[in-house]
Amino acid sequence: NKYSAEDVLRISKERGVEFIHLQFSDIFGVMKNVSIPIEELDKALNNEIMFDGSSIDGFVRIEESDMYLRPDTDTFVIFPWRTTSGVEARLICDIYNPDGTPFEGDPRYILKKNLEEAKKLGYTMNVGPECEFYLFLTDEKGNPTTITQDAAGYFDMAPVDLGESARKEMVSTLKEMGFAIEASHHEVGPGQHEIDFKYDDALATADNVMTFKMVVRIIAQKHGLHATFMPKPVYGIAGSGMHLNQSLMKNSENAFYDPSDQMGLSKDCYYYIGGLLKHAKALTSITNPTVNSYKRLVSGFEAPVYIAWSGRNRSPLIRIPAKRGNSTRIELRSPDPSNNPYLALACSLAAGLDGIKNKIMPPPSVDKNIYEMDENELKELNIEKLPDSLEEALVILEKDEVIKNALGEHIYNKYVEAKWSEWDSYRTYVTRWEIDQYLTKF
Ligand code: ADP
Ligand code: MG
Ligand code: MG
Ligand code: MG
Ligand code: MG
């Protein structure tokens, strides 16, 4: 373990920390905060801080609203930026019921539970995410627009490249907070960026994704920009994904690597792919959780549309990056950054483990460009499509016991209820597109 409770207390005192943010995630992956002054830190580390669970989306009803926060001391970080209230730090917390049992509605607990399942079979999970996002200009009132500085640049509105300098500061801030940044670059869309950090065990990575989004938003704001992880903010321009590079370890070795195999992949790796492909449709309801997610999953923008895997091609759902040995991994390319990273990883793992447990061999890899195939070819190779909409994904989720089980009853019920109402609200809304198409035509 990185830090004990004593370490946290001592370092906080040494560094003059004045406020601690106790952080956790609601079922949609939105970060929640209970802030305490330094005087309360001792109490927090004794797991004595309570909050009202009924105030959080998808948690509990008023009658059962007392929840306890248990800080994970390994997640202790002092924010490198100054705030008006002085030095601040954070601790990511697990949520417990008053009777001392873990709360089933805590997504972090759900990931831990699935990691326990893997452990029983001898596996640990490593994940490296690739988070893409857009940086948009804000207007005179400080409200976000969908205008990028790249586009504005053509009109000479801003003399410096705001986006590039914001991204540089994001990288240096993340580094100060302990992230190992592997790469950062401008993405294909105007105003679109990607910052990649090094893989870690699944729980640390899910925590990191939460922290990452917070830092990106804060630093963007400092530069007068709005950072968005919305999957497809502008029609006709590449959406933002969050590829999830995944591997399993067994006995401290990469369980996906087998030098004696033709592709250098182990049986476990093939089965894991088989499981992901089998559950791909239901999994999409979790990895791509918004109405807008499905506007990214269309052809022409490097986002996956078809359920297939490949060792070469960049278009299918699962790609096998060329590196072998310890770097052997599969890359799931459907997820987008509007998902809850705890649930996305929990469900990916459950799908992959189902493949391992039931020895689900995937169909042969597809090394041809799927987008160039016609209907007949697709049918012959039995290549199906990912869900077209949140609605389709939700209908399939209801029939997938493996993914439902991975979520647990509490989260499954709350999630599905909320997502159906989101779908219904969208389904009945009259959009700009309809006005443009029909108002004068009829
Ligand atoms: P791409 O080629 O798709 O752009 P990147 O180089 O941007 O991929 O990202 C690769 C990600 O995969 C990084 O987060 C990296 O740390 C991660 N990664 C590397 N090795 C492993 C592994 N064995 N298991 C899981 N993730 C890994
Ligand atoms: Mg990348
Ligand atoms: Mg790369
Ligand atoms: Mg990218
Ligand atoms: Mg990638």
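Calculation notes
- Residues numbered from 1 in each chain as written.
- Chains lettered and ligands numbered in written order.
- Predicted model: local features only at pLDDT ≥ 70, side-chain atom pairs only at ≥ 80, totals over all residues.
- Heavy atoms only, no water.
- Near = heavy atom within 4 Å.
- Polar contact = N/O pair within 3.5 Å; in protein donor to acceptor, adjacent residues only side chain to side chain.
- Areas by Shrake-Rupley, 256 points an atom, 1.4 Å probe, with all protein chains shown as cover.
- Helix = DSSP H or I, 4+ residues; strand = E, 2+ residues; numbered from the N terminus.
- Nonpolar A, V, L, I, M, F, W, Y, C, P; charged D, E, K, R; others polar.
- Donors = N, O, S within 2.8 Å, 3.2 Å for Na, K, Ca; no water.
- Patch = residues over 30% accessible without salt bridge, like charges linked within 9 Å, V, L, I, M, F, W, Y side chains within 5 Å.
- Salt bridge = Lys/Arg side-chain N within 4 Å of Asp/Glu carboxyl O.
- Buried < 20%, exposed > 50% of the residue type's maximum accessible area, 1.4 Å probe, protein only.
- Pairing = 2+ DSSP bridges.
- Axes fitted to C-alpha atoms, helices over the stretch in contact; angles between N-to-C directions.
- pLDDT = per-residue confidence, 0-100.
- Contact = heavy atoms within 4.5 Å.
- Core = buried A, V, L, I, M, F, W, Y, C linked by side-chain atoms within 4.5 Å.

Moving on, we get to the site of ligand 1. Around ligand 1, 20 residues are found, and the nearest of them are D196, Y199, S247, R319 and E331. Interatomic distance of 2.9 Å between a backbone N/O atom of F197 and an oxygen atom of ligand 1. Within the side chain of R319, an N or O atom sits 2.8 Å from an oxygen atom of ligand 1. Protein contacts shield 84% of the accessible area of ligand 1, which totals 580 Å² for the unbound molecule. For the shell around ligand 1, the secondary-structure elements that each account for two or more residues are β6 (123–138), β9 (192–197) and β12 (242–250). Here the residues of the shell around ligand 1 sort into three nonpolar, eight polar and nine charged.

Turning to the coordination of the magnesium ion (ligand 5), a few remarks are in order. In the first shell of the magnesium ion (ligand 5), the protein supplies E130 (OE), E130 (OE), H243 (ND1) and E331 (OE), at 1.9 to 2.5 Å from the metal. In terms of primary sequence, the donors binding the magnesium ion (ligand 5) are separated according to E-x112-H-x87-E.

A few words now on a nonpolar patch on the surface. On the surface, a nonpolar cluster with roughly 270 Å² of combined accessible area is contributed by V430, I435 and L439. Looking at the element boundaries, I435 is found in helix α14 (residues 432–438). By relative accessible area, which is 30% here, I435 ends up partly exposed.

Here we come to the sheet that holds strand β1 (residues 17–25). The sheet built from five strands is open, its strands ordered β2-β1-β5-β4-β3 with mixed pairing. Edge positions in the sheet fall to β2 (31–37) and β3 (49–52), since each of these pairs with one other strand and no more. Across the sheet, the mean angle separating the axes of adjacent strands is 40° when strand polarity is ignored. Where strand β4 (residues 66–78) and strand β5 (residues 87–96) come together, seven bridges link them in antiparallel fashion. Following the sheet pairing, V77 is matched in β5 by R90.

Our focus in this paragraph is the coordination of the magnesium ion (ligand 4). At 2.0 to 2.2 Å from the magnesium ion (ligand 4) lie its protein donor atoms, namely E132 (OE), E187 (OE) and E194 (OE). One chain supplies every donor to the magnesium ion (ligand 4), and in sequence these donors are spaced E-x54-E-x6-E. A separation of 4.1 Å is found between the magnesium ion (ligand 4) and the magnesium ion (ligand 2), both of which receive a donor from E194. One end of the pair, E132, is in strand β6; the other, E187, is in the loop between β8 (181–186) and β9, and 55 residues separate them in sequence.

For the rest of this paragraph, the subject is the confidence of the model for the protein chain. Of all residues in the protein chain, 97% have pLDDT values of 70 or greater, and the mean over the chain is 93. Of the regions scoring below 50 in pLDDT, residues 153–157 engages in two contacts with residues more than four places distant in sequence or in other chains. Prediction confidence for the complex, expressed as pTM and ipTM, is 0.96 and 0.96 respectively.

Before going further, it helps to examine the nonpolar core. By size, the foremost hydrophobic cluster in this structure holds 92 residues, and its most contacted members are M170, F212, L248, Y272, I318 and I330. Apart from residues no more than four positions distant in its own chain, I318 is found in contact with I273, L276, L277, A308, W309, S310, I330, E331 and L332. One finds F51, F59, V60 and L91 within the second-largest nonpolar core, a separate group that totals 26 residues.

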